[in-house]
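Remarks on the overall topology
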Amino acid sequence: LRNENANLQRKRALAASFGLLFWVLAEPCLAEERHEPGKVELSPELSGLLKAEMGELYRGVRTVAVSLASADWEAIEEASGKMHESYIMKRSLTPAMAAELKSKLPEQFKALDAAFHARALKLRDAARNKDVELSAFHFSRLLESCAGCHRKFAGERFPGFEDSTQGQHEH
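Read on for an overview of the structure. Position labels on residues start from 1 in each chain and follow its written sequence. In view of the model being predicted, local features appear only for residues whose pLDDT reaches at least 70, and side-chain atom pairs are presented and counted only at 80 or more, with totals across whole chains, interfaces and linings using the full set of residues. Calculated side-chain values reflect all of the structure's heavy atoms, with hydrogen atoms and water omitted.

Moving on, we get to helix H7 (residues 132-153). For H7, spanning 22 residues, the distance from its first C-alpha to its last is 31 Å, which sits close to the expected 32 Å at 1.5 Å a residue. Pairing of N or O atoms within 3.5 Å defines a polar contact, subject to two protein rules: one partner must be a possible hydrogen donor and the other a possible acceptor, and residues neighboring in sequence count only if both atoms are side-chain atoms. Numbering of helices and strands runs from the N terminus; a helix is a DSSP stretch of H or I covering at least four residues, while a strand is a stretch of E covering at least two. The N-capping residue of H7, defined by a side-chain oxygen 3.2 Å from the backbone nitrogen of Glu 133, is Asp 131. Given the number of residues in a helix, its expected span is that number minus one, multiplied by 1.5 Å.

So, about the pattern of salt bridges. Within this document, salt bridges are pairs made up of a side-chain nitrogen of Lys or Arg and a carboxyl oxygen of Asp or Glu, the two lying within 4 Å of each other. Tallying each qualifying case throughout the model produces eight salt bridges. A salt bridge links Arg 128 to Glu 77; the shortest N-O distance between them is 2.8 Å. Taken as a pair, Arg 128 in helix H6 (residues 107-128) and Glu 77 in helix H3 (residues 73-85) lie far apart in primary sequence, 51 residues in all. Here Lys 110 ties to Glu 107 by a salt bridge, and the two come within 3.1 Å at their closest N and O atoms. In this pair, Lys 110 and Glu 107 both sit in helix H6, three residues apart, roughly one turn of the helix. Each residue gets one of three labels from its accessible area relative to the maximum for its type: buried under 20%, exposed over 50%, partly exposed in between, using a 1.4 Å probe on protein chains only. Under the relative-accessibility criterion, Lys 110 is labelled partly exposed at 24%. Glu 107 gets classed as exposed once you look at its relative accessible area, which sits at 59%. Here the salt bridges share partners, and the residues they tie into one network are Glu 77, Arg 124, Asp 125 and Arg 128.

Everything listed here is a matter of coordinates, which is why it stays silent on function.
This is how it looks when you write it as structure tokens:
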């Protein structure tokens, strides 16, 4: 019975991963930017850097999705490690840009960002251990953090979240 439950959980995790894979491959994250009053206004340099970072994260998520489906552990480990470390931001952020981010970004955004990077680290470690079930779990949670942040802070870029805000619940 224990083995049957473990197999069932593994199958559910894989099914969820494949569902997320199709969603990730079909839903482009790099939508045209639109301005919404009341949103955080960043300098053009910082805005450009953030856009470039999001583009790299998008490519990393796609890499993980395809690699998880094919058990390419090295690719998952590399992509999730880069997501954890940030592709561009840590290397390119000037002290003035860091001060701007600190002063302008809402605390909730900072918390969601920190959770995303922590989840990427857990995904990297699960891939390092070639644990398909745990990798699928952390990948699904990584995507949840993307969706949560996009719903909260980039709804104008991702209008599909407008309908999903009703009936939300906290875990």
